[in-house]
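Spelled out from the first residue to the last, the chains are:
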Protein chains: 2
Amino acid sequence: MKELFLLNKDITYLNFGSFGACPKAIFEDYIAWQELLEKEPVQFVTVDGLKYINKSLSALGKFINCNPKDLVFVTNPTYAVNLLAKNIVLNPGDQVLSTNLEYGALDRTWNYYCKKQGAHYITQPISLPIVSKEQFIEEFWKGYSEKTKVVFISQITSTTGLIFPVKEICEQAKKRGLITIVDGAHVPGHIDLDLSAIQADFYTGACHKWMMTPKGCSFLYANPNLQHLLDPLIISWGYESDNPSASQFFDYHQYNGTRDFSAFLTLPKAVEFRDKHNWKSVSDQCKATLLAHVSKLFDLLQSKPLAPLNKAFYGQLCSFEIDTEKPEQLQRILFEKYKIEIPVMLQGPKKYLRISYQAFNEVAELDYLMASLKEISADKALLNI
Amino acid sequence: MKELFLLNKDITYLNFGSFGACPKAIFEDYIAWQELLEKEPVQFVTVDGLKYINKSLSALGKFINCNPKDLVFVTNPTYAVNLLAKNIVLNPGDQVLSTNLEYGALDRTWNYYCKKQGAHYITQPISLPIVSKEQFIEEFWKGYSEKTKVVFISQITSTTGLIFPVKEICEQAKKRGLITIVDGAHVPGHIDLDLSAIQADFYTGACHKWMMTPKGCSFLYANPNLQHLLDPLIISWGYESDNPSASQFFDYHQYNGTRDFSAFLTLPKAVEFRDKHNWKSVSDQCKATLLAHVSKLFDLLQSKPLAPLNKAFYGQLCSFEIDTEKPEQLQRILFEKYKIEIPVMLQGPKKYLRISYQAFNEVAELDYLMASLKEISADKALLNI
């Protein structure tokens, strides 16, 4: 399977989750778009490219089950959440309810925009291990108050790699009259994604992780009834356009100044790649293999699963809380000495080792990771097991 | 010369100005960076790529004569000006002084952010034709009042293709205590650019036009004394960073979420390409050829130059005011029937045909354009000459 990718074969690559990796077939499609752009930049950027973007949005809408008219491509979920946080008007004292397990860049984003408005970003503590969906939901809503206006929550968390029950959260948030924003950075192509079922007001996902497009291809979905809330993050020709298209949402957010938007155009090829290689079953196999082999890692690391070890909570990511005084050095030694690419991540006071298990990974690589960790643990400051 | 580019040879390409065009050698460098990224995404995005960006900023700083520490790469000047307009605090009644010949996307940007703050974007009318530098400068300052806080001005305008005396404007603005922002979208690689001489507080330029990098490579320069005014346009890990670098300016604006930043990395290759092909002299030759041949076009179009026909006002762009009732259709016919890529642009009530003259263009193409325009003018609604 590694033959399908451009990845360096000398590296045990257990960090697909951070930035994905682009299969050769999709990468070639990317280059072909870039060449086409350079053959006639004016026609591509101003005429044909817009048609290609729309085709690509249609393929995406079909894949995640929503109307493509409610989608725009963005560079990454960070862009999307900045767009939302900048636009959603909060009154002094208002609260944005989230968890203490969100992505650090977006914690920064919400803190920044809440502070500007005298509002508060509430990172409701979630007890780990999570015992059940019900317990998670109950605990999440303990952060609710009559000042809560917005719910912001990951569908799959970055550091802990856990799946959260966002469908239920959105349903209950709606009953309370809240705006719901889901960070699905790790979701598309990783676990089934059905936007019509989740019914979030706003949803962002990265396609350059588990959909395997080149970097810089992500999307923002916005409920058509709330699109009017969103001014562009970058004002350009699409704002108060001289030649408006049928969609103000598209005009506002898809025009962004001159850029190479080829990554957006690889989405149909990424879907085709999944179909051709029966990727859903490849992914299911990865999840099963990972779940079948993590127990020995939890044992080695003297750590407990962060949630019940089943597919309600786990996909192709699994994080292990570890005891280390030198998290950065641990990650560096794993890479430099053992040629293992795996992140050691911080969330609050805790440190986690996160495995991504992708099609090209093998059980032998998990064994090699274990053997390496054992060796490293000779220095207890690096890894105390 | 066209052999050096990827451009479609069937097209008479007289619109280099809008989106540039990337020579094969620079395009190959682009692809090589993208492949390197895909070989080890984590190392590239989080470790090596940052070093490459800094090398690229150094090459840029040398080329435009400023400290690379005061530069960050941005996708395009629209991004840079949005960043500035969002951050510069204006009081109700304050004014941003500009001209009536600025780029439409940025007129929108200033109007948007001024309106939000109860401030005013003043587009001082510039009489055309411009008679002299002195007259331009005098006329520009007629838009000044005690409420003026910021000057925003193009160094080379988009629609009219004229060079403005921004060095003098910045010098005088500084004496009046104003913040100066120069839009140099069309400048780098087109005319000599020396940031230390211009002394603007903020300067943005596109490298994907006349520097010939791939699309999405531009820069923002900020005076070190004013960098503290700028929060990130996109809040990410670099804001209140856990691991700050030596430069908060870099941390704030260079971290932007996951994206393919390969375009930024082609800058050294773009400089090397210029050196190898003695591009300064190629460009000088283009300017001389253009100036030597535009008189017959002005005659044909019964139009007058918009400024004295010399290199103080003209580079490789020349715009002709034309009389057309159907500007969009005129442009379409030129492309579809005659295979000439040339823009028909609107600025206020006026319409302009803009020629870009680049290394691969030939005088015969100007003759062909003239013959085509003559034919088209059989329909006076399309072109009244």
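Residues numbered from 1 in each chain as written. Chains lettered and ligands numbered in written order. Predicted model: local features only at pLDDT ≥ 70, side-chain atom pairs only at ≥ 80, totals over all residues. Heavy atoms only, no water.

Caption draft 1: Spotlight on the packing of helix 3 (residues 41–64) of chain A against helix 11 (residues 267–276) of chain A. Residues and elements named next belong to chain A. Between helix 3 and helix 11, whose axes approach to 8 Å, the crossing angle comes to 40°. Overall, the two elements helix 3 and helix 11 adopt an arrangement that is oblique. On helix 11, the residues touching Ser56, Ala59, Leu60 and Phe63 of helix 3 are Leu267, Pro268, Val271 and Arg274. Here the contact of helix 3 with helix 11 is composed, by residue class, of six nonpolar, one polar and one charged. (Axes fitted to C-alpha atoms, helices over the stretch in contact; angles between N-to-C directions. Helix = DSSP H or I, 4+ residues; strand = E, 2+ residues; numbered from the N terminus. Parallel < 35°, antiparallel > 145°, perpendicular 65-115°, else oblique. Contact = heavy atoms within 4.5 Å. Nonpolar A, V, L, I, M, F, W, Y, C, P; charged D, E, K, R; others polar.)

Caption draft 2: Structural detail: the sheet that holds strand 11 (residues 344–347) of chain A. Residues and elements named next belong to chain A. Spatially, 9-12-11 is the arrangement adopted by the three strands of the open sheet, whose pairing is antiparallel. Looking at the sheet topology across the chains shown, the edges are occupied by strand 9 (317–322) and strand 11. When strand polarity is set aside, the average angle formed by the axes of neighbouring strands in this sheet is 35°. When strand 9 meets strand 12 (residues 350–356), the two strands line up antiparallel, connected through six bridges. Across the sheet, Phe320 pairs through a bridge with Leu353, a residue of strand 12. (Pairing = 2+ DSSP bridges.)

Caption draft 3: Seen up close, the relation of the copies chain B and chain A. Aligned on chain A, chain B shows an RMSD of 0.0 Å; the corresponding rotation is 180° and the shift along the axis is 0.0 Å. Here the copies are linked by what is in effect a two-fold axis. Within chain B, Ile31(B) has its C-alpha nearest the rotation axis, a separation of 3.7 Å. Most of the interface of chain B is mirrored in chain A: 100% of its interface residues are interface residues there too. (Least-squares fit on C-alpha atoms with pLDDT ≥ 70 in both.)

Caption draft 4: Just the packing of helix 2 (residues 24–39) of chain B against helix 3 (residues 41–64) of chain B, in detail. Residues and elements named next belong to chain B. Interhelical geometry of helix 2 versus helix 3 gives an angle of 135° and a closest axis separation of 7 Å. As summarised for this structure, helix 2 and helix 3 are arranged oblique, according to the angle between their axes. Each of Trp33, Leu36, Leu37, Glu38 and Lys39 in helix 2 lies in contact with helix 3, whose residues at this interface are Pro41, Phe44, Val45 and Tyr52. Looking at the contact of helix 2 with helix 3 residue by residue, the classes come out as seven nonpolar, no polar and two charged.

Caption draft 5: Just the side chain of Thr213(B), in detail. All names here are of chain B. Structurally, Thr213 can be placed in the loop between strand 7 (202–206) and strand 8 (218–222). The class for Thr213 is buried, based on a relative accessible area of 0%. Setting aside residues no more than four positions away along its own chain, Thr213 makes contact with Cys22, Ile26, Cys207, His208, Thr266, Leu267 and Ala270. (Buried < 20%, exposed > 50% of the residue type's maximum accessible area, 1.4 Å probe, protein only.)

Caption draft 6: Broad picture of helix 11 (residues 267–276) of chain B. Residue and element names in this part refer to chain B. Among all positions of helix 11, only Leu267, Ala270, Val271, Phe273 and Arg274 are buried. End-on, the buried residues of helix 11 take up no more than an arc of 155°, which puts them together on one face. Turned more than 90 degrees from where helix 11 packs its buried face, Asp275 and Lys276 sit exposed. Tucked into the core, helix 11 has its buried residues touching helix 2, helix 3, strand 2 (71–74), helix 10 (262–265) and helix 12 (279–300). (Arc of directions from axis to C-beta.)

Caption draft 7: Structural view of the pairing of strand 3 (residues 95–99) of chain B. All names here are of chain B. Summarising burial for strand 3: five of the five residues are buried, a large majority. Burial along strand 3 is two-sided: Gln95, Leu97 and Thr99 facing one way and Val96 and Ser98 facing the other are all buried. Summarising the sheet, strand 3 and strand 4 (residues 120–124) pair through five bridges and their orientation is parallel. Pairing of Leu97 across the sheet is with Ile122, part of strand 4.

Caption draft 8: Representation of the pattern of salt bridges in the model. In total, this model carries 24 salt bridges over all chains according to the counting rule given. A salt bridge links Lys9(A) to Glu3(A); the nearest nitrogen and oxygen atoms lie 3.8 Å apart. Residue classification places Lys9(A) among the partly exposed positions, given a relative accessible area of 48%. When the shortest N-O distance is used, the salt bridge between Asp192(B) and Lys280(B) registers 3.5 Å. Of this pair, Asp192(B) sits in the loop between strand 6 (179–184) and helix 8 (195–198) while Lys280(B) sits in helix 12, placing them 88 residues apart in sequence. Linked through salt bridges whose partners overlap, the residues forming this network are Asp192(A), Lys280(A), Asp284(A) and Lys287(A). (Salt bridge = Lys/Arg side-chain N within 4 Å of Asp/Glu carboxyl O.)

Caption draft 9: Here's a closer look at unusual backbone geometry. Residue Pro129(A) follows Leu128(A) across a cis peptide bond; omega there is 0°. Structurally, the position occupied by Pro129(A) is in the loop between strand 4 (120–124) and helix 6 (133–141). A positive phi angle, close to 50°, is found at Glu240(B), a residue other than glycine. Following the sequence through the fold, Glu240(B) ends up in the loop between strand 8 and helix 9 (248–254). Overall, Glu240(B) belongs to the exposed group, its relative accessible area being 52%. Positioned with a positive phi, Gln302(B) is a non-glycine residue whose angle comes to about 50°. For Gln302(B), the location among the structural elements is in the loop between helix 12 and strand 9 (317–322). Using a relative accessible area of 60% as the deciding quantity, one classes Gln302(B) as exposed.

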